[in-house]
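Examining the three-dimensional arrangement
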Amino acid sequence: MSEGTAAAVDVKVEGSYNLVAVAGSTVSQTFNGFTPDQLMGLMKEAGANQKDQLDQLSKKLDISQEALRGFFSILRASDVPDDKLRLTLSEIAQRHLDMQRRLSALDPDDPEVRALIEQARALLAHANSAAQYQQADDLLGEAEAADVKELHAAEELAREASESVSRKRRSAAATRAERGELSNQQLDWMQAAQHFQAAAKLVESVGFEASARYQWLYATALYRQGDEKGDNLALAQAIDVFRQLLVEQGKQPDKTDWVTTQNSLSIALQRLGDRDGRTDRLTNAADACRAALTVLTPEKNPAAWAMTQNHLGSALFSLGESELGTERLEEAVAAYREALKVQTREAAPEGWGWAKSNLASVLRELGSREVGTERLEDSVAAYGEVLEVVDRNSDPLGWAAVDNNLGNALYALGVRETGTKRLEEAKTEYEEAAKEYTRERVPLLWAMVQNNLGNVLETLAEVEGNSKRTVDALAMYDEALKERTRDRVPLDWATTQNNMGNARMQLAKFEESKEMMGLAIAAYQDALKERIQEKVPLDWALTINNLGVALEWLGERAEGTTELDAAVKAYERSLEERTKERVPLDWAITKNNQAKALLALGLRQEGTDGLMTAVKVCEETLQVRTREKTPRDWASTQNNMGYALMVIGSREKGCDSLQKSVDALKSALLERTRERGAMQWATSQMNMGNALGMWGDRVRDLDLLKRAKEAFESARAGFQEAGQTENDAMLAARLGALGSIIAALEAKADPAAE
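Residues numbered from 1 in each chain as written. Predicted model: local features only at pLDDT ≥ 70, side-chain atom pairs only at ≥ 80, totals over all residues. Heavy atoms only, no water.

Before going further, it helps to spend a moment on the overall build of the chain. Counting its secondary structure elements, the chain contains 32 helices and zero strands. Oriented by its inertia axes, the alpha-carbon framework of the chain measures out at about 130 × 60 × 50 Å. Expressed as a percentage of its 754 residues, the buried residues of the chain come to 57%. In the chain, the share of contacts with a sequence separation of at least 24, taken over all contacts with a separation of at least 6, comes to 65%. (Helix = DSSP H or I, 4+ residues; strand = E, 2+ residues; numbered from the N terminus. Buried < 20%, exposed > 50% of the residue type's maximum accessible area, 1.4 Å probe, protein only. Contact = heavy atoms within 4.5 Å.)

Moving on: the nonpolar core. Residues Tyr437 and Met517 are the most contacted members of the largest nonpolar core, which totals 110 residues. The leading source of residues in this core is helix α18 (residues 396–414), at 11 residues. (Core = buried A, V, L, I, M, F, W, Y, C linked by side-chain atoms within 4.5 Å.)

Enumeration over the complete set of coordinates arrives at zero aromatic pairs. In this structure, Arg224 is placed above the aromatic ring of Trp189, and the distance from its NZ or CZ to the ring centre is 4.1 Å. (Phe/Tyr/Trp six-rings, centres within 6.5 Å; stacked < 30°, edge-to-face > 60°. Lys NZ or Arg CZ within 6 Å of the ring centre and 35° of its normal.)

Attention now moves to the environment of Glu530. Of note, Glu530 is situated in the loop between α23 (514–527) and α24 (537–556). The exposure class of Glu530 is buried, given its relative accessible area of 12%. Separated by 38 residues in sequence, Glu530 and Asp492 place their C-alpha atoms 9.4 Å apart. Setting aside residues no more than four positions away along its own chain, Glu530 makes contact with Arg486, Pro490, Leu491, Trp493, Ala494, Lys535 and Val536. Within the local environment of Glu530, its side chain forms a polar contact with the side chain of Arg486, the two groups lying 2.8 Å apart. (Polar contact = N/O pair within 3.5 Å; in protein donor to acceptor, adjacent residues only side chain to side chain.)

Turning our attention to helix α32 (residues 728–749). Given a rise of 1.5 Å per residue, 22 residues ought to cover 32 Å, and the 31 Å separating the end C-alpha atoms of α32 matches this to within 8%. Of all the residues in α32, the buried ones are Leu731, Leu735, Leu738, Ile742 and Leu745. For α32, the buried positions fall inside an angular range of 95° around the axis, keeping them on one side. In this structure, α32 carries Ala729 and Lys748 as exposed residues pointing more than 90 degrees from its buried face. (Expected span 1.5 Å × (residues − 1). Arc of directions from axis to C-beta.)

Tallying each qualifying case throughout the model produces 49 salt bridges. A salt bridge links Arg441 to Glu436; the shortest N-O distance between them is 3.5 Å. Looking at Arg441, the relative accessible area reads 23%, which means it is partly exposed. Of the residues examined, Glu436 reaches a relative accessible area of 13% and is grouped as buried. Across the pair Arg469 and Glu464 runs a salt bridge whose closest N-O atoms are separated by 3.1 Å. With relative accessibility at 16%, the residue Arg469 sits in the buried group. (Salt bridge = Lys/Arg side-chain N within 4 Å of Asp/Glu carboxyl O.)

On to helix α29 (residues 656–671), then. Counted at 1.5 Å a residue, the expected span for α29 with its 16 residues is 22 Å, and the 24 Å between its end C-alpha atoms agrees. For α29, the complete set of buried residues consists of Ser657, Leu658, Ser661, Val662, Ala664, Leu665, Ser667, Ala668, Leu669 and Glu671. Among the structural elements, α28 (631–651), α30 (678–699) and α31 (702–721) are those in contact with the buried residues of α29.

Our focus in this paragraph is the packing of helix α15 (residues 327–342) against helix α16 (residues 349–369). Where α15 meets α16, the closest approach of the two axes is 9 Å, and the angle between their N-to-C directions is 160°. It follows from the interaxial angle that α15 and α16 lie roughly antiparallel. Relative to α16, the crossing made by α15 is left-handed. Contacts from Leu329, Glu330, Ala332, Val333, Tyr336, Arg337, Ala339 and Leu340 of α15 reach α16 at Trp352, Ala355, Lys356, Asn358, Leu359, Val362, Leu363, Glu365, Leu366 and Arg369. In terms of residue class, the contact of α15 with α16 is made up of 12 nonpolar, one polar and five charged. (Axes fitted to C-alpha atoms, helices over the stretch in contact; angles between N-to-C directions. Parallel < 35°, antiparallel > 145°, perpendicular 65-115°, else oblique. Left-handed = near helix turned anticlockwise from the far one by under 90°. Nonpolar A, V, L, I, M, F, W, Y, C, P; charged D, E, K, R; others polar.)

Summarising the element assignment, Thr459 is placed in helix α20 (residues 443–464). Relative accessible area serves as the criterion here: at 8%, Thr459 is assigned to the buried category. Within the structure, Thr459 has its side chain in polar contact with the side chain of Tyr411 (distance 2.7 Å). Not counting the four nearest positions on each side in its chain, Thr459 is found in contact with Tyr411, Val415, Leu423 and Arg632.

Put into structure tokens, the structure is as follows:
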């Protein structure tokens, strides 16, 4: 029997989320002397029993106890994750103090407006409920309305009153903006955006200088809504506003604000491009960073320059993942290395950590496309360095991101090596990351880790011949699809559908189930609804390859050659994108599968022409699949070539092909040991028994026949160890026949024997 299981189905593992260093995002272990647990207790209870602690914390924050209770109400109502509690509380408190200062500084002309603002400020100083926040908002609304009323009256005055109109517009806009800050404080980003937009319109006629800040706040609030709430429409709106800002900011002599907006635009474009798969957004994100870098220099603006290089690398990485060549990925490497020249581990450990992690991710992607493993090893080492500086307790989500990506790098190495050591290590890293990436906290990242766990379980099932692992993998994919919906994240949905097809195909092979294989084909067809050749050529080619494997399996069990012919065509289509020059390892996977399909067709044809074509394709595949670089895949192709040569030998009169078959199978068994995988070892042992048996019978060689018997006995033991019984009857018959031939030859060699 031939098989291509070791690489017939390939899996894309993703999770290299491009992390961006954000200034000021370091989270300490304590918050103003309070541990995380103490802070959680205060937030949940905040009753009379905690009066002393509340008093202590409110004094340190320079706010009233009532205001502190109000902050805790906001946190509870917004379901802020535990790991972000301290940072969000600090942000709300700072916004509160800033607002108090701004309200105190407002000096409207109208005593009534001044009184309303003062009432709002006094109320906010002790507000502890949503009702009181609303009351404060109503007061500010009255103040704004009074200003607007006077504004309208002022507009009716003669031209000499224009200065008064401008002042009223600025005053009304400032008051409306404070309402936006109040919404920000309550984490209501969309409401904040509406307030800032209104403030900008109030001073639109005054000039760009008066409205620019409010426009930027408007766009930033939209981005927060889109990023944190999964609102893609809000992200698109933020992009439009950032672009409008850039037109006017580009005309100003001071380019500081222009650079800031270019970076903000790049982040928003990349976030939306990663979600909807539009490469034009990612290209524009990279262009925005390049534009900013025409103004920044590492000498004058080191922090901003390094941050922009990091953003540029992330945009290029996202582009490179979906492209055929590696040019963009190499450019991403260069950008990250530039950032690391400024963000050193000693001077800026946090910034260094994220830039290093991003560099490790792109090295992993490059390594997955190359024959060698040097870049993959570098990626594993880099992730290990980052984990030395990212603290799990203070930054659990950041730590989980790095740990998940370490799992990806280990997995990429594990699929190339014999044995399961790296795969088990990858599984451990994913399981640890999943402890922080919970569904409640970060649903899409939780789904990503479930998908990755499914991948490694499926590969372990293949190596071990263990169908229980496959069932576990299917359960992981089912979990991932609860959050990875087609409407929400179409490309991620398609990735998991592809992987679901892989696991169903694997289970179909274990159970000899045509029905399950039909379900696998259905999953691949679903994946191809989003994996379109023009949009994501490599992902498209991967799924077309896997569809070919499923069709080939059905064809081997069907009369005629319809399915086998369709499989060969699928492999040819896949090779349109999977070229030897672009992605040599992926090319070798599909070539190996093509050889297997040609072998199946050759078995149904007379003569040896089709079988010889299969052998030729195997030889081409081995130009890339070497024992040094990809030992497991090398052994798989050697096994398949050995089987094809054995069948050719059975149709020829001589023994040359049978001898070549034995040599190829010997090579396969150098890596396919019983300890590394009983199922694959047994398969090659069975093929070896067939080749040695035919050769020995043809030349009546007792030694060859005894070696064939040993190989069949090993195969039977290996299949039993793997829990496979389908070959028991055939092996028993072969052993019986060999025993008779050996006995007859021994009797002939010893005339004295009876």
